[in-house]
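Read off the chains here:
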Amino acid sequence: MSIRVLPDHRVPNCRETNQNTKKPCGVADAVWFAAEDAAWTSFAAIEAGAWATYESAIATADAAWLQAYDGAVATWISTEASEWSVYQATMATAEGDWTATEATAWATYNTAHDAAEGAWAATETTAWAAYNTAYDAADATWIATEVAAWTTYTTAYDAAIAAFDVAEAAAWATYESAVAAADAVWVAAENTAWTAFDAASTAADNVWDATEAAAWATYQAAKTTADAAWDATEGTAIAMHEAAKAAAEAAWDVAEAAAWATYEAVEAMADANWRIASASAWAAYTYAVDTAEAAWGTAEELAWTNYEADVDAAEVQWWADEATAWTSYENAITAAESAWVTAEATAWANYVGATAAVAAAWGGGGTAPLAAPPATDQIYVINRNGNLPVAQIGVFNQHIDMVVPGRGLVGYFGYREATDPDPGLLAPVTNMHGVVNNTFNEWFVGPQPRPGYASNIKKSQIVSVGVTPKQLAQIQAAIDALNKNPGQFNLTTNNCSMNVCNILMGAGVLPQQDPIGMPNELIDALVANGGTSFGGFTPVEKKDNDGDGNVGVQVRDAANNVLERFPNSMPVAP
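Let me begin by describing the structure that accompanies this report. (Residues numbered from 1 in each chain as written. Predicted model: local features only at pLDDT ≥ 70, side-chain atom pairs only at ≥ 80, totals over all residues. Heavy atoms only, no water.)

## Brief notes about helix α6 (residues 469-484)
The α-helix winds at 3.6 residues per turn, so residues separated by three or four positions along the chain end up facing the same way. In this model, α6 (16 residues) spans 23 Å end to end at C-alpha, consistent with the 22 Å of a helix rising 1.5 Å per residue. Contacts from the buried residues of α6 go to β1 (377-384), β2 (399-404), β3 (408-415), β4 (432-437), β5 (460-467) and α7 (496-506). (Helix = DSSP H or I, 4+ residues; strand = E, 2+ residues; numbered from the N terminus. Expected span 1.5 Å × (residues − 1). Contact = heavy atoms within 4.5 Å.)

Below, the structure written as structure tokens:
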């Protein structure tokens, strides 16, 4: 409050007058001044009492406004917490219903799937058994036919062998008979010759040499004749044997060839019948299997379609429940906010009216009522590298973060996954996922840490901005909404500066305008709207000591001395 300056009601004193008239002060002047001083003392006492009454009225109005304001905030917080609990309970029920429906649908699908697989397996087993039966029957038929053909062949072969044996035995008997006859002729001739020799030898003992020579010659001649007869008879017998043997072998060859031809014909027919039976059995098997697979596929597809339909219906119901719960929550929050705004406006109007009434009662004196609720908190907006020319550091090396009471360091930026497609030259501009870092773990661990903020920053700039409790609550809610749905980062349409600008415009800290995309231009706009700028420092992020796990900011000088912590309500660990 300003100090009231009292008006000067006194007339020029005697000294001032006598300086002009050169006359001394008179008694009347002294009396008048004494009376005037007494009157002024009385007026000052009355005025001081009135001023105390005025200040008491202002204090009472302030207290009433703050009480109404705090009550409205408490009501809003209570309503918001209650409605959020209702929303969470409703969503838990909806998720439970969805989970149960999905489990039922999955069980139905599995049952149908298992039934289809069972039917397929049974059909396949039956078809395979039929195939094996037909295959075995064809094998048995082939084996029987082959056995019969082999029996026919062996029978014919045995008959030919028997006929050959008979013919060969007959030829050998003829041969032996001829040899025996020749032997008998030879023996008879040899005996006759030998007898003659003995007789001649006996008769010519005295003339033995001549007679013996003649006898020997006779013997030799008879023997030669007998040998020739034997040879002739033996050659004839051999020729007859060979002829009979050749005839028997030829007959055997003919019979064996006929038997083998018969065997091969019967075997070929058996092979053809086996192939026909096997092909028929395989065709029946494949048809049965294909039919079973088609039936299985149809049943499985129907089961999957039913499952998907059940899951889709469950999801539709879940989203409907979620939308209903969220709508109820938002309606309750909107009503609470509306009631809070109305209560706050009423309290402020009462305060303004009370202060205006007091001021009017004292002729316009005293302190005029404020035009808006006073700022009770401070937020800080940091432009990384913001104390250096853009041309020197490049457009990609500036970045906007905020420091918010009760939350700490907050930053929005973009990143790309290793599995994302390579955008080539557009990498810093688009194809990046938005992310909001808030806690110590998010900043320094991840999933997308930014440790470069603590070591790679040159000279930066920070702006302190005063906000009311209502504005701070709106900023907190906007950060929560952005954290829930950070969207796609884009350097030209959705960057760090634009998001902070949108948050501050929504809370009434900045006037409504197009979102400011350049960090240095956002800092200039905040300063133009009453923010206090600190430039040329190196920010250092540290985990704070209040147990909420958030990150605060230290400003240090060249000797690494901590000059200031932001926010002051959040001490930072050295």
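On we go from here.
## Some points on the nonpolar core
Membership of the largest hydrophobic core comes to 31 residues, with the highest contact counts inside it found for M402, I475, L504, L510, L522 and L526. For this core, the secondary structure elements donating two or more residues are β1, β2, β3, β4, β5, α6, α7 and α8 (519-528). With 6 residues, α7 is the largest single contributor of residues to this core. Once you skip the residues sitting within four places of it in the chain, L522 turns out to touch I400, S497, V500, C501, L510 and I516. (Core = buried A, V, L, I, M, F, W, Y, C linked by side-chain atoms within 4.5 Å. Buried < 20%, exposed > 50% of the residue type's maximum accessible area, 1.4 Å probe, protein only.)

## Observations regarding a negative patch on the surface
Where like charges cluster on the molecular surface, the negative patch consists of E308, D310, D312 and E315. Looking at where E315 falls in the secondary structure, it is placed in helix α3 (residues 208-361). (Patch = residues over 30% accessible without salt bridge, like charges linked within 9 Å, V, L, I, M, F, W, Y side chains within 5 Å. Areas by Shrake-Rupley, 256 points an atom, 1.4 Å probe, with all protein chains shown as cover. Salt bridge = Lys/Arg side-chain N within 4 Å of Asp/Glu carboxyl O. Lys, Arg positive; Asp, Glu negative; His and termini not counted. Charge placed at Lys NZ, Arg CZ, Asp CG, Glu CD.)

## Some details on the environment of A244
Its location among the elements puts A244 in helix α3. Counting along the chain gives 80 residues from A244 to F164, while the straight-line C-alpha distance between them is 9.2 Å. The residues touching A244, leaving out its near neighbours within four places in the chain, are A167 and A171.

## Looking at the pattern of salt bridges
Going through the model one piece at a time under the given rule, you end up with 3 salt bridges. The salt bridge partner of D401 is R384, with a shortest N-O separation of 2.9 Å. Of this pair, D401 sits in strand β2 while R384 sits in strand β1, and the two are 17 residues apart along the sequence. In this pair, the class of D401 matches that of R384, namely buried. Between R407 and D480 there is a salt bridge, and its shortest N-O distance comes to 2.9 Å. Taken together, the residues R407 in the loop between β2 and β3 and D480 in helix α6 connect sequence positions 73 residues apart. Taking relative accessible area as the criterion, D480 reaches 42% and is therefore assigned partly exposed.

## Points about the packing of aromatic side chains
One pass over the full model with this rule turns up 25 aromatic pairs. On the basis of an interplanar angle of 40° and a centroid distance of 5.7 Å, the ring pair of Y109 and Y307 is categorised as tilted. Of this pair, Y109 sits in helix α2 (residues 27-203) while Y307 sits in helix α3, and the two are 198 residues apart along the sequence. For Y307, a relative accessible area of 10% corresponds to the buried category. Consider the rings of W260 and Y263, whose centres lie 5.0 Å apart with planes at 40°: the pair is tilted. Here Y263 and W260 lie together in helix α3, a separation of 3 residues that amounts to about one turn. In this structure W260 comes out as partly exposed when scored by relative accessible area, which is 33%. (Phe/Tyr/Trp six-rings, centres within 6.5 Å; stacked < 30°, edge-to-face > 60°.)

Geometric descriptors of this kind do not, in isolation, establish any biological role.
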